[in-house]
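Working through the structure, step by step
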Amino acid sequence: TQLNRACISSATQIGFYTSIADMIERFCESTEREKFIPEIVKGNISGSMCLTEAGAGSDVGALRTSAVKQADGSYLLNGAKMFITNGGGGLGFVLARVKGAPEGLAGISLFFAEETLDGKQNYKIGKIEEKLGLHGSMTCEVVYENTKAKLVGKENEGFQYMLHLMNESRLAVGLQTLGGME
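Residues numbered from 1 in each chain as written. Predicted model: local features only at pLDDT ≥ 70, side-chain atom pairs only at ≥ 80, totals over all residues. Heavy atoms only, no water.

**Structural notes on the packing of aromatic side chains**
Inspection of every chain in the model, using the stated rule, returns five aromatic pairs. Feature note: the residues Phe36, Phe93 and Phe112 constitute an aromatic cluster, connected by ring pairs. (Phe/Tyr/Trp six-rings, centres within 6.5 Å; stacked < 30°, edge-to-face > 60°.)

Printed below as a string of structure tokens:
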């Protein structure tokens, strides 16, 4: 709570380093762990959880971001997310629906995408939100246009994986609240 007492924006940023590293450690392959966790520890990169879409805020199962499997096992994502906290962190865990998957939460998969891939922009940062507070924490739109991504876990089980990150986020928001009150 001490960091939140001093600056909730700074504490929010630090929280994304640890929570994204935890997700990579728990659910990604060793190649991602070896590549990204040292960079996160150095403070060179962080990330975001990309859930909310226009028309699919409180009803995540209504999302429209799509994923199409490629011959090399990767997926191409198309769609847009909005109000993404720390969306410019360089990495994203993205909820999307593989073509032909069931509707609702049962058909959601989780993907891991890099903002820059092979020296090229892989997804775009759109509108940056002007907020009343938390100016040190960028909240923005993230746009996927044939964004190359890796499946995390199994198809259609993405919401279960994302719940872990959402629970981590709830703990961080609780600490923000406690620090603010103190």
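Okay, back to it.
**Concerning the nonpolar core**
Counting 27 residues, the largest nonpolar core has Ile24, Phe93, Leu95 and Met162 as the members making the most contacts within it. Where this core is concerned, the elements lending two or more residues are helix H2 (8-27), helix H3 (30-41), strand E4 (91-98), strand E5 (108-114) and helix H4 (158-181). Residues contacting Met162, with those up to four places away along its chain left out, are Met49, Cys50, Leu51, Phe93, Leu95 and Leu110. In this structure, Ala67, Leu77, Cys140 and Tyr144 belong to the second largest nonpolar core, which totals 15 residues. (Core = buried A, V, L, I, M, F, W, Y, C linked by side-chain atoms within 4.5 Å. Buried < 20%, exposed > 50% of the residue type's maximum accessible area, 1.4 Å probe, protein only. Helix = DSSP H or I, 4+ residues; strand = E, 2+ residues; numbered from the N terminus. Contact = heavy atoms within 4.5 Å.)

**Some points on the packing of H2 against H4**
Viewed as axis vectors pointing N to C, H2 and H4 meet at an angle of 155°, and their least axial separation amounts to 10 Å. If you check the angle between H2 and H4, you find them roughly antiparallel. In the packing of H2 onto H4, the handedness of the crossing is right-handed. Residues Ile8, Thr12, Ser19, Ile20, Asp22, Met23, Arg26 and Phe27 of H2 form the contact with H4, whose participating residues are Tyr161, His164, Leu165, Glu168, Gln176 and Gly180. By residue class, the composition of the contact of H2 with H4 is six nonpolar, five polar and three charged. (Axes fitted to C-alpha atoms, helices over the stretch in contact; angles between N-to-C directions. Parallel < 35°, antiparallel > 145°, perpendicular 65-115°, else oblique. Left-handed = near helix turned anticlockwise from the far one by under 90°. Nonpolar A, V, L, I, M, F, W, Y, C, P; charged D, E, K, R; others polar.)

**Focus: H2**
Between the first and last C-alpha of H2 there are 28 Å, a value that for 20 residues agrees with the 28 Å anticipated at 1.5 Å per step. Taken as a whole, H2 has its buried residues at Ser9, Ala11, Thr12, Gln13, Phe16, Ser19, Ile20, Ala21, Met23 and Ile24. (Expected span 1.5 Å × (residues − 1).)

**Some words on the layout of surface pockets**
Considering only enclosed or pocket space, the largest pocket measures out at about 740 Å³ in volume. Along its surface, the largest pocket is lined by 31 residues, and Thr12, Phe16, Ser169, Ala172 and Val173 are the ones closest to its centre. Secondary-structure elements contributing two or more residues to the lining of the largest pocket are helix H1 (2-6), H2, strand E3 (75-85) and H4. If one sorts the elements of the lining of the largest pocket by residue count, H4 sits on top with nine residues. Looking at side-chain class alone, the lining of the largest pocket contains 16 nonpolar, 13 polar and two charged residues. (1 Å grid on protein atoms, 1.4 Å probe; cavity = no way out; pocket = protein on both sides within 12 Å on 5 of 7 lines; lining within 4 Å. Points joined across faces, edges and corners; volume = space filled by probe spheres on them.)

**Brief notes about the confidence of the model for the protein chain**
Residue-level pLDDT values for the protein chain average 91, and 100% of them are 70 or greater. Of all helices and strands in the protein chain, the one with the weakest mean pLDDT is H1 (83), whereas strand E2 (residues 66-69) scores best (98). (pLDDT = per-residue confidence, 0-100.)

**Remarks on the pattern of salt bridges**
Enumeration according to the criterion identifies nine salt bridges in this entry. Two residues, Glu32 and Lys150, come together in a salt bridge whose shortest N-O distance is 2.5 Å. Of this pair, Glu32 sits in helix H3 while Lys150 is found in strand E9 (residues 139-152), placing the two residues 118 residues apart along the sequence. On the accessibility criterion, Glu32 (6% relative accessible area) is buried. Here Lys150 falls in the partly exposed class, since its relative accessible area comes to 39%. (Salt bridge = Lys/Arg side-chain N within 4 Å of Asp/Glu carboxyl O.)

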